[in-house]
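Examination of the molecular architecture
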Amino acid sequence: MSAAVVNVITLFFVSTLLAGMMLIAWRSFGRPAHALIWALAYSAASIEWICNIYLRFGGVSTQPFLGFVYGLCCLANGLLAAGCYIRLKPEARRLPPLLAAGVAAALIGTIVAIDDHQALRDILWLSFAGSMLLICAACVAHPLGRASLPERAVAAMFLLFALVDFCLALMAPGQGAHGEGAGHALFRTVLVIAYPLAFTGVGLFTVFLVATDLAESMRRLATSDQLTGILNRRGFEEAAERAIVNAQRQHQPLALVLADIDNFKKVNDAYGHPVGDKILATVATVIRANVRKDSFVARTGGEEFAIIIEGNTADEIYQTCERVRIALETTPFKNSKTGVNYGPITISLGFAMAPDAEDAGELYAKSDIALYCAKNAGRNRTKPYEDGMKKDFNKSWLIYKR
């Protein structure tokens with residue numbers, strides 16, 4: 001049995017295994033669309049390798065059949081890129097990328113079916129495969145500045161495998177129209193050695209990517225508040241530590257804002273916890289909508305929220321806090337069925353700037369003092385931390401009924 005036959009049989013089992021793993025990942029981990037599309041990609045590859053095995057063992061080779069085989073190869077690569085695109089933009093419509101993959105595969109399959117030119121068909125499918133891997137790399141690493149280390153590693157490997165495909169495509173013309181060229185033996189040798197490694201490598205790295213996504217999903221669950229969808233205290237502390245270190249390194253301003261719903265306990269006791277939960281969720285939405293998109297917003301406990309805002313001056317932070325406060329004050333809190341009005345709901349805010357604090361703990365303490373001073377001054381207002389606050393701060397406020 002030749003090395004080429006062994007490779008094809010091995011690739012069939014590898015692609016089938018990858019398809020099964022992707023199906024399990026899709027079924028078990030929240031049904032991510034890209035995992036299902038990758039399962040379809042490796043299923044198409046499995047059928048392609050079955051057809052290759054048939055040809056290797058003396059099956060009848062016709063142009064339409066060859067067009068079908070090469071179409072499957074291109075479909076597998078197109079679906080791989082479509083999955084990467086949908087992973088990048090899960091909110092995007094899923095049909096256009098899949099249609100694009102199918103149309104491209106059908107087009108190349110048709111060309112192969114009507115033109116019996118060995119070098120041409122190898123150039124076509126290898127160039128297409130390399131192009132799809134470039135798309136995969138671009139999607140996985142986008143945006144580059146925010147891509148995680150595993151994503152960058154996967155993108156780098158996609159680029160490497162794309163380079164393998166393009167190098168083979170450049171070598172393909174040397175084999176001639178029907179394998180009579182001087183470079184035929186060299187091309188086939190390199191193809192037999194390099195392509196299985198590239199195919200297996202791509203498969204392993206897509207599995208690695210799914211595992212990375214699962215780990216990131218678990219991390220988000222551990223650091224997110226289930227009621228509001230924003231960060232919880234643990235997630236916020238991690239984000240705050242990183243943000244403060246980064247601000248100190250780059251000598252950029254940073255503020256920690258603490259916000260507390262006024263008289264929330266009375267509303268909660270009067271209307272019940274379901275209403276209280278809806279109010280908390282609405283407050284989180286209002287805060288999120290009125291701060292910069294790159295700000296960290298968290299519910300740190302009960303009715304208390306925290307915000308990290310980078311790159312703004314104290315005056316800009318004050319204006320942001322006021323925008324949040326006014327937006328919440330004017331937000332209706334009413335039961336549409338019973339007509340009961342739960343509002344107005346107001347919020348008190350206090351903030352401190354990072355240059356005035358050495359670490360996250362000190363910054364939090366100063367923001368907390370500013371928040372309670374805002375409460376003490378009559379609620380529904382914003383207070384920045386000032387040096388005189390600490391000595392005037394009444395410790396009994398720590399047990400004040402909010």
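Since this is a predicted model, take the numbers as computed values, not measurements.

What counts and how
Residues numbered from 1 in each chain as written. Predicted model: local features only at pLDDT ≥ 70, side-chain atom pairs only at ≥ 80, totals over all residues. Heavy atoms only, no water. Helix = DSSP H or I, 4+ residues; strand = E, 2+ residues; numbered from the N terminus. Rg over C-alpha atoms; globule rule 2.2 N^0.38 Å. Buried < 20%, exposed > 50% of the residue type's maximum accessible area, 1.4 Å probe, protein only. Contact = heavy atoms within 4.5 Å. Pairing = 2+ DSSP bridges. Axes fitted to C-alpha atoms, helices over the stretch in contact; angles between N-to-C directions. Parallel < 35°, antiparallel > 145°, perpendicular 65-115°, else oblique. Left-handed = near helix turned anticlockwise from the far one by under 90°. Nonpolar A, V, L, I, M, F, W, Y, C, P; charged D, E, K, R; others polar.

So, the overall build of the protein
Secondary structure assignment for the protein yields 13 helices and five strands. Since a compact globule built from 402 residues should have a radius of gyration of about 21 Å, the 30 Å found for the protein marks it as more spread out than a globular shape. Referenced to the eigenvectors of the C-alpha coordinate spread, the extents of the protein come out at roughly 90 × 50 × 30 Å. Evaluated residue by residue, the protein yields a buried proportion of 47% over its 402 residues. Residue pairs in contact within the protein that sit at least 24 positions apart in sequence constitute 69% of those at least 6 positions apart.

Some details on the sheet that holds strand β5 (residues 382-384)
Adjacent strands of a sheet form backbone hydrogen bonds with each other and so pair up, either parallel or antiparallel. Overall, mixed pairing links the five strands, which are arranged β2-β3-β1-β4-β5 in an open sheet. Bordering the open sheet on either side are β2 (296-301) and β5, each of which pairs with just one other strand. Along the sheet, successive strands turn relative to each other by an average axial angle of 20°, direction set aside. Examined bridge by bridge, strand β4 (residues 347-353) and β5 share three bridges and lie parallel to one another. When the bridges of β5 are listed, Phe351 appears paired with Pro384. Those strands touched by helix α10 (residues 273-289) are β1 (254-261), β2, β3 (304-310) and β4, and its axis lies near 10° from that of β3. Its contacts with the sheet put helix α12 (residues 360-376) on β1, β2, β3, β4 and β5, and the angle it makes with β4 is roughly 145°.

Observations concerning the packing of helix α1 (residues 3-28) against helix α2 (residues 33-56)
Relative orientation of the contacting elements α1 and α2 amounts to 160°, with a least axis distance of 8 Å. By the criterion of interaxial angle, the relationship of α1 to α2 is roughly antiparallel. Crossing of α1 against α2: the hand is left-handed. Residues belonging to the contact of α1 with α2 are distributed by class as follows: 20 nonpolar, five polar and one charged.

Quick look at the packing of helix α3 (residues 63-88) against helix α7 (residues 184-223)
It is the contact of α3 with α7, at a shortest axis distance of 13 Å, that shows an interaxial angle of 25°. Classified by the angle between their axes, α3 and α7 sit roughly parallel to one another. As for the relative orientation of α3 and α7, their crossing is left-handed in sense. Each of Cys73, Asn77, Leu80 and Arg87 in α3 lies in contact with α7, whose residues at this interface are Tyr195, Val202, Thr206, Leu209 and Asp213. Partitioned by chemical class, the residues of the contact of α3 with α7 number five nonpolar, two polar and two charged.

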